[in-house]
Amino acid sequence: MTVDTRAFRDALGCFPTGIAIMTTVNEANGPVGVTVNSFTSVSLRPPMILFCLDHGSRSLVDFRRCRNFVVNFLSESQRDLSNRFASKAEKPFEGVDFERSERGLPLFPGSLAYLECRVEALHPGGDHDIILGEVIGFKNPGNARPLLFYRGGYRLLDTEATA
Ligand SMILES: Cc1cc2nc3c(=O)[nH]c(=O)nc-3n(C[C@H](O)[C@H](O)[C@H](O)COP(=O)(O)O)c2cc1C
């Protein structure tokens, strides 16, 4: 089936999501990051998650060869960070406040939570790779509010479910 890509994206945009920046390191141990909303939890025992990475992403080569990566769940104060790691900026980490985990992976202070993962498998998914990770550590340090994505734009959580 061939689809109108614009119409398909609009349909997908009806599903609201959070936003994460996936980080790892390249061969020279330099930081690598990409903004995604394709994060999904997969399994509790063992703890597993996945995300999908576009074959056009410059970070594909690094995620294909890395052993570990981090999921940084973004809070509402991290919109600029989301934009920066969704851009084709030459040096997206330049001037950005980040720390390194014990394994040396980039973490963004102020994130809602961090999941440190070991790459379990790479699966083909059309024009994306499906990257499956086993969670080997996690922290959810803050009570900040999430940055959301819906119908092609950022959204903030402004109501709480009552039941
Ligand atoms: C809200 C949002 C969600 C995104 N989700 C994904 C995603 O799940 N997978 C992906 O490959 N790209 C996703 N992108 C696009 C990438 O962030 C963007 O193409 C990429 O960072 C471009 O730089 P790169 O070539 O260095 O990866 C998303 C962008 C935004 C703004």
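Refer to the structure above for everything that follows.
Residues numbered from 1 in each chain as written. Predicted model: local features only at pLDDT ≥ 70, side-chain atom pairs only at ≥ 80, totals over all residues. Heavy atoms only, no water.

## Quick look at the pattern of salt bridges
Between side chains of opposite charge, a pair can form as their charged atoms come close.
Right, on to step 1. Under the defined criterion, the tally for this structure stands at 6 salt bridges.
Right, on to step 2. The salt bridge partner of Arg 64 is Asp 129, with a shortest N-O separation of 2.7 Å. With a gap of 65 residues between them, Arg 64 in helix α2 (residues 60-65) and Asp 129 in strand β10 (residues 128-139) connect regions that are remote in the sequence.
Right, on to step 3. For Arg 64, a relative accessible area of 43% corresponds to the partly exposed category.
Right, on to step 4. Two residues, Glu 116 and Arg 103, come together in a salt bridge whose shortest N-O distance is 3.5 Å. Here Arg 103 lies in the loop between β7 (99-100) and β8 (106-107) and Glu 116 lies in strand β9 (residues 113-125), a separation of 13 residues in the sequence. (Salt bridge = Lys/Arg side-chain N within 4 Å of Asp/Glu carboxyl O. Helix = DSSP H or I, 4+ residues; strand = E, 2+ residues; numbered from the N terminus. Buried < 20%, exposed > 50% of the residue type's maximum accessible area, 1.4 Å probe, protein only.)

## Here we look at the sheet that holds strand β4 (residues 40-43)
Right, on to step 1. Within the open sheet, the 7 strands sit side by side as β3-β2-β6-β9-β10-β5-β4. Their pairing is antiparallel. Bordering the open sheet on either side are β3 (31-36) and β4, each of which pairs with just one other strand. Direction aside, the axes of adjacent strands within the sheet are offset by 35° on average.
Right, on to step 2. Bridge count between strand β2 (residues 20-25) and β3: 6 bridges; the pairing is antiparallel. Counted as the bridge partner of Val 25 is Pro 31 from β3. (Pairing = 2+ DSSP bridges. Axes fitted to C-alpha atoms, helices over the stretch in contact; angles between N-to-C directions.)

## A closer look at the sheet that holds strand β11 (residues 147-150)
Right, on to step 1. Ordered by their spatial adjacency, 3 strands build an open sheet running β1-β11-β12, and the pairing between neighbours is antiparallel. The open sheet is flanked by β1 (17-18) and β12 (153-156), the only strands paired with a single partner.
Right, on to step 2. Relative to β12, β11 is paired through 4 bridges, and the arrangement is antiparallel. Its bridge partner lying in β12, Tyr 150 is registered against Gly 153.

## Quick notes on the packing of aromatic side chains
Right, on to step 1. For the coordinates displayed, the defined rule picks out 9 aromatic pairs.
Right, on to step 2. Ring centres 5.0 Å apart and planes at 85° place the aromatic pair Phe 39 and Phe 73 in the edge-to-face group. In this pair, Phe 39 sits in the loop between β3 and β4 while Phe 73 sits in strand β6 (residues 68-73), placing the two residues 34 residues apart along the sequence.
Right, on to step 3. You can call Phe 39 partly exposed: its relative accessible area is 24%.
Right, on to step 4. On the basis of an interplanar angle of 75° and a centroid distance of 5.6 Å, the ring pair of Phe 51 and Phe 63 is categorised as edge-to-face. Here Phe 63 lies in helix α2 and Phe 51 lies in strand β5 (residues 48-54), a separation of 12 residues in the sequence. Of the two residues, Phe 51 and Phe 63, neither departs from the other in class, the shared state being buried.
Right, on to step 5. An aromatic cluster of at least three residues, connected via ring pairs, comprises Phe 85, Phe 93, Phe 98 and Phe 108. (Phe/Tyr/Trp six-rings, centres within 6.5 Å; stacked < 30°, edge-to-face > 60°.)

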